[in-house]
Amino acid sequence: MMGKATQAVEQVYGDFLKQVVIDHVLEKDRKGQLSENMNKRVAKKSHIDSRLVRLMTISGKGGWHPDPKIYERYAQNYNITLLDHLLSVTRGSLMLASLDWLSRNPDMEDDFLKRKLYVMAAIAFMHDLDKDLELPRNTQMTSEDVEERMSRYGIADFLAIVDVSLMPDQLLYLIEKVEATQSHRTPPAQLPPRDFEALSLYVRLADKLDGAWVSSDPKSGGLKGVLARLAEDQGCLHSDFLRHWQRIDLFDPHHPFLLDELQRWLSLFSRRLTGPLLEVHQDGRLFMLLPESKTVVDEALKALCKRLPFQLELNVSNRGVPALFNGQPSYAELKKFIADLPQRELSNLFKIKAAYQAILTEPLDELLDDVGLNPSFPKKSSGALVTLYAEDMDEEAQQWLQRAAYLALLLNLKLDAKKKAATPAQRETALLDCLQSTRPDWLVAVEDDSSRRILTALWAVALADEKVLEVVWDSDNALVKRWLEGADDQPGFNRFITGRGAQVIQGVERHFRQLLSGKRVVAEDEEAMGRCLFTDQPTNFDEPIKDELGLYGVRVSAFSGRDNRPESPSSDKAHTNVSLVSIAEHKLRAVVQQGGKQNGVPTLISSPITSGLFGGLALTDDKKIPALSLYDLSRLEVKKGKVLRGMEVYQARYRMARLERMAEKTKDQVNQLRMLLKASCRLGRPLHVFRGLPTQQRAFFYYDAMPRLLSDLIGGNALRLEQIVNALEKLEMAQSFLETNDLGYDVLRLYANPKTSFGAICLACCVIQAPEQLLRRLKSEYLKYEQGDKVMTNEEGSLVKLGQIAAGIQKSIGAGASASEQLLVFKLCLDAVNDARKVGEVDKQSLIYAVAGELEHNLIRKGKAAASKHRGGKSLSDACLEVANLFVNDVWFGVLKAHAPSQRNRRILGSIYRMAFLHAPRNKESL
């Protein structure tokens, strides 16, 4: 029954994703317009459409609202997009209904079942039509609204797959039944088929479950709220099976990659039942609701441990010495391991001293030409060692190279049990005895032991006839096989291959069994003297990490400065302890982040792999979870690497930008934050950036250690979905500031601070060199202050008022006038006050008269006085007295606190005055 239900829903939901979401929502319903050039590129499929999907720009739950009271209510929910909410309700209603129906009628006909499920999918996706249309809640919808959205999303074509036709008023009737308070509000001209009447009840339940899940209410929200809603629902569920779920709630912020893997296996092994009702891992916490089962958790944990990256592993030190870890391979297994090595790793087995390159190139070419193993040294090399084979070769030569690799590896292999196993020198002698040939003089002359043994392995390959192949490589009694597996009284090398793989796997299993049991996580030995670098957990002091472990971004000489740690900044001995489970975590990170810079432990970016009810329903069961970096999420050109096309997160599990290095320079920080915000919008999933340990956050975007400048710029370190567009505009403005002469960091700092932002806008507008596009944006922001959409400070208001009334006493001029003309009145006021102070006149009345007199005298003398009609009929003397009164009282004693401004402040104050003066009603026509 459960398998039939899941299979039916997967088929219906798969058709829905293809017909509705991919073909219409993603392809045709995006915000904005593409340029003509970009349209052509998208049509050629050389670039992807970078415009945001419209339903990803609207909050389904937990959005932002300008009304503080409404926003306070919204803020209690986790912020998700409307598309995620609609798909969650669609999946949830389909799955719950299918399981409920088939539990009562296992023999229900497939066609009848799918017919109802297709209609239910249409109802569920359209149930929040008021949010879709961005109308106030409970707004009366019309048939015309439904008809337009049916056309936009291809709903009629989707329903036609099962030969169903619904009129817009019929679908509206079914949509309104989802909300109990709106049922039967708009009766259709003809009722839909009776079989469809109860479908809305399942959609209603799924909507309530999704709402409970994203709520942070301690009583009615989260997993507790979902379980309560399922237990209490009396509307549509008739199956007891659907009321029984087991809860998984794990908080393990140090090990997010392991939690990703555990989630994947728990989801996979519960698929034979229904799959998880909920599965979300974000901010270091894994929440899952699984069908009750005694075996799912055990099977998932075993699969997690079995597939940890602690299988046979090759490590070649920076001195060229190879070592094998985590396995005891047979000769056949070692041959397969070598054959599967990437060329880069295989070439590491053939590193010789760089000093030999020049003198050995010619004899090696002569020796190895017949087997195609002529050396291909790298074009550039600056290290002490250089590989003989930096380039790929043909298949036959590759087979000879692999033979040489087995031999070179075992000749130089580093083993811990030196007393019991043959030494490298003894192995070299044994090989020469088998070959019974004399090495060339140039080879004997090589003094470096490791280099000589590697070259000897290649010399043996060059000698290889049938007898040599049998003696050294191919027979049951071959030399390399006896070395590896042992013979007679000589133990095999594989007995002494060490590694902490088995120990780590046991530690991971113990750790997660403790978490899953709800018990406090305890160390295997609470009295252990060592301390884990990451968790401070007690661990074996005598087992520090080594370079060979290959932990991502972790140095064996890591220094933390914590108490009870052995290392010292001045110590030349490395000793860093890492707990077993943290070793597994950082080893897993190394596998996922192959090729990236390992320059310290990077910042964690938390974004859920799945979201909403039955989030794993349509996901593929990949052998591993692919990763997309921040640059992959930002890339538009297809041929340059991985790109996010738009549908990936709904069809497979992806790690989204899990590890990134945060920029250090302001310009790079601005660009990186812009990329992060754009990535979150393109994903349609929350992104939370943590430089410390993750904490639960309800915002769509969150950055715990956001630089103060950027936090001030975009309005905080936590943003809801609707705030991101404005934040992106701010960041684009910031980039323009940093790239423009005469602006730069100082003006950006002023612009970022809300208290000085208005002054920075005015200052930037007055910079002649500013680009035209930047000027348009700045003037648009200035108008928001002028129109009252944004509030300026009292001090800024005083300067604006001064500039406005100064336009009544000075002749009208345009933006093309010189700065000295635009600042004439402001400069005369400042000069008059400073001159008066020099002669001891410091009281308000004296200063007012001094300023008024200076204004009147200079405006008349320079022919700059405005006509009386611009002063409301006042005389020039009275108008100048009014300006002087405002300047002395509000600007001199108010803004300047009776002190002459510094050159820097004068520039800012003058810019505010200039903008107000130029935008005064009588000057606007000249702009």
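It should be noted that the structure appears before, not after, this text.
Residues numbered from 1 in each chain as written. Predicted model: local features only at pLDDT ≥ 70, side-chain atom pairs only at ≥ 80, totals over all residues. Heavy atoms only, no water.

**Student:** For this particular structure, what's the right way to read the overall build of the protein?
**Tutor:** Along its length, the protein carries 37 helices and 20 strands. With respect to the three principal axes, the spread of C-alpha positions in the protein is 120 × 80 × 60 Å. The 927 residues of the protein split such that 53% are buried. Considering only contacts within the protein whose residues lie at least 6 apart along the sequence, 71% involve residues at least 24 apart. Accessible surface, the protein: about 42800 Å² in total, of which carbon and sulfur atoms supply 47%. In the protein, the 124 positive side-chain charges and the 121 negative ones have mean positions that sit 5 Å from each other. (Helix = DSSP H or I, 4+ residues; strand = E, 2+ residues; numbered from the N terminus. Buried < 20%, exposed > 50% of the residue type's maximum accessible area, 1.4 Å probe, protein only. Contact = heavy atoms within 4.5 Å. Areas by Shrake-Rupley, 256 points an atom, 1.4 Å probe, with all protein chains shown as cover. Lys, Arg positive; Asp, Glu negative; His and termini not counted. Charge placed at Lys NZ, Arg CZ, Asp CG, Glu CD.)

**Student:** Even after reading the chapter, I still don't get the pattern of salt bridges, so can you show me in this structure?
**Tutor:** When their charged atoms lie close together, side chains carrying opposite charge are able to pair. Applying the stated criterion to the full structure yields 47 salt bridges. For Glu 428, the salt bridge identified is with Arg 439, shortest N-O distance 2.7 Å. Placement of Glu 428 in helix H18 (residues 424-435) and of Arg 439 in the loop between H18 and helix H19 (441-444) is noted, with a sequence separation of 11 residues between them. One exposure class covers both Glu 428 and Arg 439, and it is buried. In this structure, Glu 524 and Arg 510 form a salt bridge, with 3.5 Å as the shortest nitrogen-oxygen distance. Of this pair, Glu 524 sits in the loop between helix H23 (501-516) and strand E12 (530-531) while Arg 510 sits in helix H23; the two residues are 14 residues apart in sequence, bridging distant segments of the chain. Connected through shared salt-bridge partners, Asp 29, Arg 54, Asp 132, Glu 148, Arg 149 and Arg 152 make up one network. (Salt bridge = Lys/Arg side-chain N within 4 Å of Asp/Glu carboxyl O.)

**Student:** Even after reading the chapter, I still don't get the pairing of strand E6 (residues 313-316), so can you show me in this structure?
**Tutor:** Strand residues, when the strand is regular, have side chains that alternate between the two faces of the sheet. Examined bridge by bridge, E6 and strand E7 (residues 322-325) share 4 bridges and lie antiparallel to one another. Residue pairing in the sheet places Val 316 in a bridge with Pro 322 of E7. Taken together, E6 and the strand that follows it, E7, pair antiparallel across an intervening segment of 5 residues, in which Gly 320 is found at a positive phi of about 85°. (Pairing = 2+ DSSP bridges.)

**Student:** It is not clear to me how the packing of aromatic side chains should be interpreted in this structure. Could you clarify?
**Tutor:** Overall, the coordinates contain 18 aromatic pairs when judged by the stated rule. Ring geometry for Tyr 331 and Tyr 406: centres 6.1 Å apart, planes at 85°, overall edge-to-face. Of this pair, Tyr 331 sits in helix H14 (residues 331-340) while Tyr 406 sits in helix H17 (residues 395-412), and the two are 75 residues apart along the sequence. Judged by its relative accessible area of 6%, Tyr 331 is buried. (Phe/Tyr/Trp six-rings, centres within 6.5 Å; stacked < 30°, edge-to-face > 60°.)

**Student:** Help me understand helix H36 (residues 876-895), please; the structure alone is not making it clear to me.
**Tutor:** Since the α-helix advances by 3.6 residues per turn, residues separated by three or four positions end up pointing in the same direction. The largest bend in H36 comes to about 30°, at Phe 887. Turning to H36, the residues buried within the fold contact helix H32 (794-806), helix H34 (824-838), helix H35 (844-861) and helix H37 (903-918). With its phi angle positive at about 55°, Lys 897 sits one or two positions after the end of H36. (Bend = angle between axes of the 7 residues up to and from the residue.)

**Student:** For this particular structure, what's the right way to read helix H30 (residues 757-765)?
**Tutor:** For H30, the buried fraction is high: 9 of the 9 residues fall into the buried class. Among the residues making up H30, those that are buried are Ser 757, Phe 758, Gly 759, Ala 760, Ile 761, Cys 762, Leu 763, Ala 764 and Cys 765.

**Student:** How should the side chain of Gln 263 be read in this particular structure?
**Tutor:** As for its position among the elements, Gln 263 is in helix H12 (residues 256-269). Once you skip the residues sitting within four places of it in the chain, Gln 263 turns out to touch Glu 279, Val 280, His 281, Leu 286, Met 288, Thr 610 and Arg 653.

**Student:** Would you explain the packing of helix H29 (residues 744-752) against H30 in this entry?
**Tutor:** The relative placement of two packed helices is expressed as an angle between their axes plus a distance between the axes. Taken N-terminus to C-terminus, the directions of H29 and H30 make an angle of 140°; their axes are 6 Å apart at the nearest point. Relative to H30, the element H29 is oriented oblique. Considering the relative orientation of H29 and H30, their crossing is left-handed. Contact residues: H29 offers Val 747, Leu 750 and Tyr 751, while H30 offers Ser 757, Ala 760, Ile 761 and Leu 763. Residue composition of the contact of H29 with H30, by class: 6 nonpolar, 1 polar and no charged. (Axes fitted to C-alpha atoms, helices over the stretch in contact; angles between N-to-C directions. Parallel < 35°, antiparallel > 145°, perpendicular 65-115°, else oblique. Left-handed = near helix turned anticlockwise from the far one by under 90°. Nonpolar A, V, L, I, M, F, W, Y, C, P; charged D, E, K, R; others polar.)

**Student:** What is the right way to look at the sheet that holds strand E3 (residues 245-251) in this model?
**Tutor:** Within a beta sheet, neighbouring strands are joined by backbone hydrogen bonds and run either parallel or antiparallel to one another. Here we have 3 strands laid out as an open sheet, ordered E3-E5-E4, and antiparallel in their pairing. In the strand order of this sheet, the two ends are held by E3 and strand E4 (278-282), each with one partner. With strand direction ignored, the average angle separating the axes of adjacent strands in the sheet is 10°.

Purely geometric numbers; function is a separate question.
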